[in-house]
Amino acid sequence: MAEADPPTDAPSSASALFDLRTVIALLFGVYGVVLTVLGVFDNDPAQLAKSAGIDLNLWTGLGMLVLAAVFVVWLRLRPALTATPDDGPEQGPASTISADVPDGSG
Amino acid sequence: MLLAQTDLRLDTTAIDYVFVAIYFVLVLGIGLAARRSISSSLDFLLSGRSLPAWVTGLAFVSANLGAIELIGMTANGAQYGIPTVHYYWIGAVPAMVFLGIVMMPFYYGSKARSVPEFLRKRFDSTTQRVNAVTFAIASVLIAGVNLFALGLVLEALLGWSLVLAIPVAALVVLSYTFLGGLSAAIYNEVLQFFVILALLIPLTVAGLARVGGWSGLMEQVSAGPGGPDQLSAWPGTTLTEIANPFLSVLGIVFGLGFVLSFGYWTTNFSEVQRALAARNMSAARRTPIIGAFPKALIPIVIVIPGMVAAVLVPSLAEFKANPDAGGDIDYNNALSLLMGEVLPNGVLGVAIAGLLAAFMAGMAANISSLNTVFTYDIWQDWVRPGREDRYYLQVGRAVTVIGCVLAIGTAFLAGSYENLMDYIQALFSFFNAPLFAVFILGLFWKRMTGPAGWTGLVAGTVAAVTVDLLVRGGVIALSSQAGSFVGASAAFVVGIAVSVGVSLVTTPRPDAELVGLVWSLTTKDERSHSTTGSDSGWYRSPTVLGVLVVVLTAALYLTVP
């Protein structure tokens, strides 16, 4: 994800930090896929018995994919995370534009 | 003995470590990425005051959702059952709402960068220094507790030795706070919040499924050693160790709900700092209130697994029936025992990542607040004033390294105490209770003077330490848990008394200097914030959110009367 964060020409404020929502979506996207695959293909009865027959890997994996999707949708709808209070009017549109570019990363 | 030890070891496979590895790569990545956006000490130590409220709000609750909290509260769930919810509902939510609505305008509005700096503005620089030094000591001691507890889990679950586990854990926390400062710490806390939920929710679902659902759990708990008392929150006589139901309720409401909870949530800089990193006053005020919503709901996935563990895991059920039988198992093992009992490989890996995340959250919060206080309050305002900002950024980085190294030392010190929770409570009574007394008096009484501030702090701490020594020495016959509660109360009362006494014989500061720092000298206008743009809308009003979360908490109490 270091490459997911493009060097912005915005000044060195922490507000230029990559969007946390991307990171959450990334983590739970990866976790979700691995768990779902595990849940579908690995059906060891001893493991299933642990959770009284519920396929916990599958359902947790699906839940994580939903969470990741929620963050992706939120990111699409409201791309700009922050505008610094002091130079708000200028920063606003600029960060909105720059936030559109790196979305391939998510 | 040998059997009990292997009992605790989790049955992990390669796939579980994949989840742990993914998590650690991401955590270090956040540190690296955050590093690029840091160029000033304010960026490093207060995230440039730029974070949105939902981020700081989740970080606020996550900084408290450390491992001691997770392990301690599942243990309480196993031991006491439903009454454990008091720690969340009456013991946290009201104080968090109070912090957001009443106190945050003064904290954030004063532009103070830390609690000690606020004390300098309100009192004098001696008060700032006394508080900064005690806070620095307390941070290093508590970071050590977190680190030691993390080492214990690595030892128990994965079989690493403490001597290896403690430095490795310190190194991971060090690398991301060193690189990314408070932003990295806060971003990781938010991530940890979700990973910890990914541990707790499947654990609750699977646990309930195994005991036959909610009704199955109710039946088995009331048939168990604790009886049906464990199914209702009030009067909570087992929790308070007060036999009289009326006094027990009083103890919960005033002891837990007022002195302990307000003292912790409103003056603990590890918490308050998360709100100071918010991007404006509105976001700062919403921070603790947004945090209160998850805080009110989280006991559902912490207390229930604790109760399930005590009926489902045979070794723990045996311990509950007969606690004096000896052996390695006790309530502190409830969480890891239940993880091993109900989670299949896969989710188990996520759960281990979540547990490690919880430990790192606590320690990172201690280290990042230590940074800020040491750099600004001890170094910049006292020891080496007037250097350029670049210099203080380097000091901040150096303190991160030194703090982590010292924490390794205090981790082994914490290991010499029998009960970690008692150790934490004692530290709390030394440092937080006097601070709360001075703070609340200074906020509402403009006559309170500068010297009264620091004498109140010192006297309160001395009172708490004295009580602790008397309890340890057996002069006062109390359990150590009750002892630290008496210590906290003594610190509060003595702190107030000394502050009032000293104020009456010293000269108060002129009113003009105290505007924005004392309630009666601050107009309603100065205490409010902008309600336009991204701060508009009723759902962003701190008062509306505060009322909502209090109503939610009251409704939750009605479900377990």
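Residues numbered from 1 in each chain as written. Chains lettered and ligands numbered in written order. Predicted model: local features only at pLDDT ≥ 70, side-chain atom pairs only at ≥ 80, totals over all residues. Heavy atoms only, no water.

What follows is about the overall build of chain A. Tallying secondary structure elements over chain A gives four helices and zero strands in all. The helix and strand sequence of chain A, counted from the amino end, reads α-α-α-α. The proportion of buried residues among the 106 residues of chain A is 42%. Across chain A, the fraction of contacts at a sequence separation of at least 24, relative to all contacts at a separation of at least 6, is 68%. Summing over all exposed atoms, chain A offers an accessible surface of approximately 5,500 Å²; the carbon and sulfur share of this is 68%. (Helix = DSSP H or I, 4+ residues; strand = E, 2+ residues; numbered from the N terminus. Buried < 20%, exposed > 50% of the residue type's maximum accessible area, 1.4 Å probe, protein only. Contact = heavy atoms within 4.5 Å. Areas by Shrake-Rupley, 256 points an atom, 1.4 Å probe, with all protein chains shown as cover.)

When helices and strands are tallied, chain B shows 25 helices and zero strands. Residue burial in chain B is summarised as follows: out of 561 residues, 61% are buried. At a minimum sequence separation of 6, the contacts of chain B that also span at least 24 residues come to 83%. Of the roughly 19,700 Å² of accessible surface on chain B, a fraction of 67% belongs to carbon and sulfur atoms.

The subject of this paragraph is helix α14 (residues 269-276) of chain B. Counting buried residues in α14(B) gives eight out of eight residues, a clear majority hidden from the surface. Within α14(B), the full set of buried residues consists of Phe269(B), Ser270(B), Glu271(B), Val272(B), Gln273(B), Arg274(B), Ala275(B) and Leu276(B).

Residue and element names in this part refer to chain B. One finds Tyr 23, Tyr 107 and Met 339 to be the most contacted residues of the largest nonpolar core, which totals 205 residues. Broken down by element, this core gets its largest block of residues, 27 residues, from helix α10 (residues 162-210). The residues that make up this core include at least three from each of domain 1 (2-30 + 41-416 + 530-559) and domain 2 (420-527). Look past the residues within four positions of Met 339 in its chain and what remains in contact with it is Leu 10, Leu 199, Leu 203, Leu 348, Ala 351, Ile 352 and Leu 355. (Core = buried A, V, L, I, M, F, W, Y, C linked by side-chain atoms within 4.5 Å. Domains from an automatic or database assignment.)

It is worth spelling out the pattern of salt bridges at this point. Residues and elements named next belong to chain B. The final tally for this structure, using the stated rule, is nine salt bridges over all chains. Across the salt bridge formed by Glu 117 and Arg 120, the nearest N and O atoms sit 3.6 Å from each other. Of this pair, Glu 117 and Arg 120 both sit in helix α8 (residues 115-122), separated by three residues, roughly a single helical turn. (Salt bridge = Lys/Arg side-chain N within 4 Å of Asp/Glu carboxyl O.)

What follows covers the packing of helix α1 (residues 20-41) of chain A against helix α2 (residues 14-35) of chain B. Closest axis-to-axis distance for the α1(A)/α2(B) pair is 11 Å, and the angle between their directions is 170°. For the element pair α1(A) / α2(B), the angle class is roughly antiparallel. Together, Val23(A), Leu26(A), Leu27(A), Val30(A), Tyr31(A), Val34(A), Leu35(A) and Leu38(A) of α1(A) and Ile15(B), Phe19(B), Ile22(B), Tyr23(B), Leu26(B) and Ile30(B) of α2(B) make up the contact between the two elements. (Axes fitted to C-alpha atoms, helices over the stretch in contact; angles between N-to-C directions. Parallel < 35°, antiparallel > 145°, perpendicular 65-115°, else oblique.)

Let us look at unusual backbone geometry. Residues other than glycine seldom take positive phi values, yet Ala52(A) does so here, at roughly 55°. Mapped onto the elements, Ala52(A) comes out in the loop between α2 (45-50) and α3 (56-77). Of the residues examined, Ala52(A) reaches a relative accessible area of 41% and is grouped as partly exposed. Phi angles above zero are rare outside glycine, and Lys111(B) is one such case at about 60°. Here Lys111(B) shows up in the loop between α7 (93-109) and α8.

Moving on to the confidence of the model for chain A. Residues and elements named next belong to chain A. Overall, the prediction assigns chain A a mean pLDDT of 66, with 57% of residues at 70 or greater. When mean pLDDT is compared element by element in chain A, α3 scores highest at 91, while helix α4 (residues 88-100) scores lowest at 33. Confidence drops under a pLDDT of 50 for residues 1-17, and excluding neighbours within four residues, the segment shows 38 contacts in the predicted structure. Note that pLDDT drops below 50 for residues 81-106; the model gives that stretch 33 contacts with residues more than four away or on any other chain. (pLDDT = per-residue confidence, 0-100.)

The subject of this paragraph is the confidence of the model for chain B. Of the residues in chain B, 93% reach a pLDDT of 70 or more, and the chain-wide mean stands at 84. Across residues 1-6 of chain B, confidence stays below pLDDT 50; counting only partners more than four residues off in sequence or on other chains, it has four contacts.

Taken as a whole, this structure holds 23 aromatic pairs over all chains when the rule is applied. Note on Tyr31(A) and Phe19(B): the rings are 5.0 Å apart at their centroids and 80° apart in plane angle, and the pair reads as edge-to-face. On the criterion of chain membership, the pair formed by Tyr31(A) in helix α1 and Phe19(B) in helix α2 is interchain, its members lying in two chains. Ring geometry for Phe444(B) against Trp519(B): centres 5.9 Å apart, planes inclined by 45°, an arrangement best described as tilted. Placement of the pair is Phe444(B) in helix α21 (residues 420-444) and Trp519(B) in the loop between α23 (480-505) and α24 (524-527), with a sequence separation of 75 residues. A residue is classified by how much of its surface remains accessible, and Trp519(B), at 30% relative accessible area, is partly exposed. Here a set of aromatic residues connected by ring pairs shows up, and it is made of Phe28(A), Tyr31(A), Phe71(A), Trp74(A), Phe19(B), Trp54(B), Phe193(B) and Phe194(B). Cation over ring: Arg113(B) sits above Tyr376(B), and NZ or CZ is 3.7 Å from the ring centre. Lying over the aromatic face of Phe178(B), Arg397(B) brings its terminal NZ or CZ to 5.7 Å of the ring centre. (Phe/Tyr/Trp six-rings, centres within 6.5 Å; stacked < 30°, edge-to-face > 60°. Lys NZ or Arg CZ within 6 Å of the ring centre and 35° of its normal.)

Below, the discussion takes up the packing of helix α4 (residues 53-64) of chain B against α10(B). Residue and element names in this part refer to chain B. One can describe the packing of α4 onto α10 by two numbers: an axis separation of 8 Å at closest approach and a directional angle of 70°. On the basis of the axis angle, α4 is roughly perpendicular to α10. Residues Trp 54, Val 55, Leu 58, Ala 59, Val 61, Ser 62 and Ala 63 of α4 form the contact with α10, whose own contacting residues are Ile 186, Tyr 187, Glu 189, Val 190, Gln 192, Phe 193 and Phe 194.

Turning next to α10(B). Residues separated by three or four positions in an α-helix point in the same direction, a consequence of the helix having 3.6 residues per turn. All names here are of chain B. Spanning 49 residues, α10 covers only 34 Å between terminal C-alpha atoms, well under the ideal 72 Å at 1.5 Å per step. By the largest-angle criterion, Gly 181 marks the main kink of α10, which is about 125°. Extensive coverage of α10 is indicated by the burial of 38 of its 49 residues. Trailing α10 by a residue or two, Gly 212 shows a phi angle of about 85°, which is positive. (Expected span 1.5 Å × (residues − 1). Bend = angle between axes of the 7 residues up to and from the residue.)

Relative to the helices and strands, Ile352(B) resides in helix α19 (residues 347-383). Distance from Ile352(B) to Ser336(B), taken between C-alpha atoms, is 9.2 Å for residues 16 residues apart in sequence.

What follows is about the environment of Arg279(B). Residue and element names in this part refer to chain B. Note that Arg 279 resides in the loop between α14 and α15 (281-297). Judged by relative accessible area, which is 15%, Arg 279 ranks as buried. Sequence separation between Arg 279 and Leu 51 is 228 residues; the distance between their C-alpha atoms is 5.1 Å.

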